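# Structural description and commentary
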2 protein chains.
Amino acid sequence: MQNVDFWYEFASTYSYPAAMRIKALAAAQGVAVRWRPFLLGPLFAEQGWRDSPFNLYPVKGRYMWRDLERVCAALGLPLKRPDPFPQNSLLAARTALALPEAARGAFSRAVYAAEFGEGRTISDASVISRLLLDLGHDAAAILAKAESPEGKAALKAAVEEARGLGLPGAPCVVTADREVFWGNDRLEAALAWAARGGGQTRDTTDV
Amino acid sequence: MQNVDFWYEFASTYSYPAAMRIKALAAAQGVAVRWRPFLLGPLFAEQGWRDSPFNLYPVKGRYMWRDLERVCAALGLPLKRPDPFPQNSLLAARTALALPEAARGAFSRAVYAAEFGEGRTISDASVISRLLLDLGHDAAAILAKAESPEGKAALKAAVEEARGLGLPGAPCVVTADREVFWGNDRLEAALAWAARGGGQTRDTTDV
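As a starting point, this report considers the structure included with it.

### A closer look at the pattern of salt bridges
- One pass over the structure, following the stated rule, counts 32 salt bridges over all chains.
- Close ionic contact of Arg 34 of chain A with Asp 5 of chain A constitutes a salt bridge, the shortest N to O distance being 2.9 Å. In this pair, Arg 34 of chain A sits in strand β2 (residues 31-37) while Asp 5 of chain A sits in strand β1 (residues 2-8), placing the two residues 29 residues apart along the sequence.
- Asp 67 of chain B serves as the salt-bridge partner of Arg 186 of chain A, at 2.6 Å between the closest nitrogen and oxygen. Placement of Arg 186 of chain A in the loop between β4 (180-182) and α10 (187-195) and of Asp 67 of chain B in helix α4 (residues 58-75) is noted, with the two residues assigned to different chains.

Following this line, the structure appears as structure tokens:
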């Protein structure tokens, strides 16, 4: 079975529909998904962005919110604009990494549903704790692991890996042959690429 | 028949596959396309960008070139990276506007094929002249009209209209009910929207 890494940021708007879609799309292609939470903040800071580009560039931001509204409507996903936007995603990302890998997808979908579907504050430990409990986890133990030195280091390592891969934003799907596909609208192409064996021969003659 | 405006910038990379695809996609949906060349430069300058964001933000630029390579390969379109990038698109845009509307699509596709398929310099009047002649136009008359005060004013008016529409980049499809769809990867959604009558009711309750 082919594998892909699904890189997502809990504060990222288009990561929401992607996270809700990828499980079924991957299953249909016979592709296995590794859930890889990371943070865009440190990568954006290197480009001089201290806030979401959707806030820094209002024309782009206005477009994105309307586009996301259409995308979610077409998928039947509720959408409530987080306030503030972007949400601080540090705790959610560390918590996702503190969970066993097999539990990461369901937890991540629950975070997105709370954040973008209900407008809840995902930096609030009580919100994250409630989601963990609802999924049958030992919330106190997971949160303690998330905030431990090892938990913090795990997220830092993920951010470093994302930097090394050259991820330009979130969500991204990265195939076994390190092709990067950016955006909710590239999920299908990424999974089809992986299903073909992760490799049309890359043609570098023209570019 | 429903109408859409196809807004494109000759220097824009993703406008290339979009320009090559839109005619057949629109015909399949029974939608008529108005070709609307404009310039991104004046709109980007307002956001503080004095160069293509793909040059200003190299991580994004590297991703885009590889993605464009994959997109063009999947469509069977040749790709040769323009040098310099971005090309100065002023002459091509004025020339497109100087043509009768019915001739604008074929000319625009010819410009994109020369620029991104063959790596030719579209700011060169002899290149543009050759394309016009190959399409059976009176090249000298069209170029004179393009560079006349009226020709320059027509492009300025188009840029102002694009600004008023809030176009975040190129290409964009704008439907009769002023929905903006940005990107080569939104063509299908835009044309489907137009074919439905340009109007699911817009739901503004959540956002």
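Once you've had a look at it, read on.
### Some remarks on the relation of the copies chain A and chain B
- Expressed as a screw operation, the relation of chain A to chain B combines 0.0 Å of axial shift with a rotation of 180°, fitting to an RMSD of 0.0 Å. Expressed as a symmetry operation, the mapping of one chain copy onto the other fits a two-fold axis. Of every C-alpha in chain A, the one belonging to Asp 185 of chain A sits nearest the axis of rotation, 3.6 Å from it.
- When the interface residues of chain A are mapped onto chain B, 97% of them are again interface residues, pointing to one common binding face.

### A short note on the sheet that holds strand β2 (residues 31-37) of chain B
Residues and elements named next belong to chain B.
- In space, the four strands of this open sheet follow the order β2-β1-β3-β4, with mixed pairing throughout. Each having just a single partner strand, β2 and β4 (180-182) make up the two edges of the open sheet. The sheet shows a mean angle of 25° between the axes of neighbouring strands, direction not considered.
- This element, helix α1 (residues 15-29), spans β1 (2-8), β2 and β3 (172-175) of the sheet and lies at about 155° to β2.
- Each of β1, β2, β3 and β4 touches helix α9 (residues 149-165); the most contacted strand, β1, lies at about 105° to it.

### A short note on the nonpolar core
- Among the nonpolar cores identified, the biggest contains 132 residues, and Phe 10 of chain A together with Phe 10 and Ile 128 of chain B are the most heavily contacted of them.
- The residues touching Phe 10 of chain B, leaving out its near neighbours within four places in the chain, are Pro 37, Ser 89, Ala 92, Ala 93, Ala 96, Phe 107, Ser 108, Val 111, Tyr 112, Glu 115, Phe 116 and Ile 122 of chain B.

Calculation notes
- Residues numbered from 1 in each chain as written.
- Chains lettered and ligands numbered in written order.
- Predicted model: local features only at pLDDT ≥ 70, side-chain atom pairs only at ≥ 80, totals over all residues.
- Heavy atoms only, no water.
- Salt bridge = Lys/Arg side-chain N within 4 Å of Asp/Glu carboxyl O.
- Helix = DSSP H or I, 4+ residues; strand = E, 2+ residues; numbered from the N terminus.
- Least-squares fit on C-alpha atoms with pLDDT ≥ 70 in both.
- Contact = heavy atoms within 4.5 Å.
- Pairing = 2+ DSSP bridges.
- Axes fitted to C-alpha atoms, helices over the stretch in contact; angles between N-to-C directions.
- Core = buried A, V, L, I, M, F, W, Y, C linked by side-chain atoms within 4.5 Å.
- Buried < 20%, exposed > 50% of the residue type's maximum accessible area, 1.4 Å probe, protein only.

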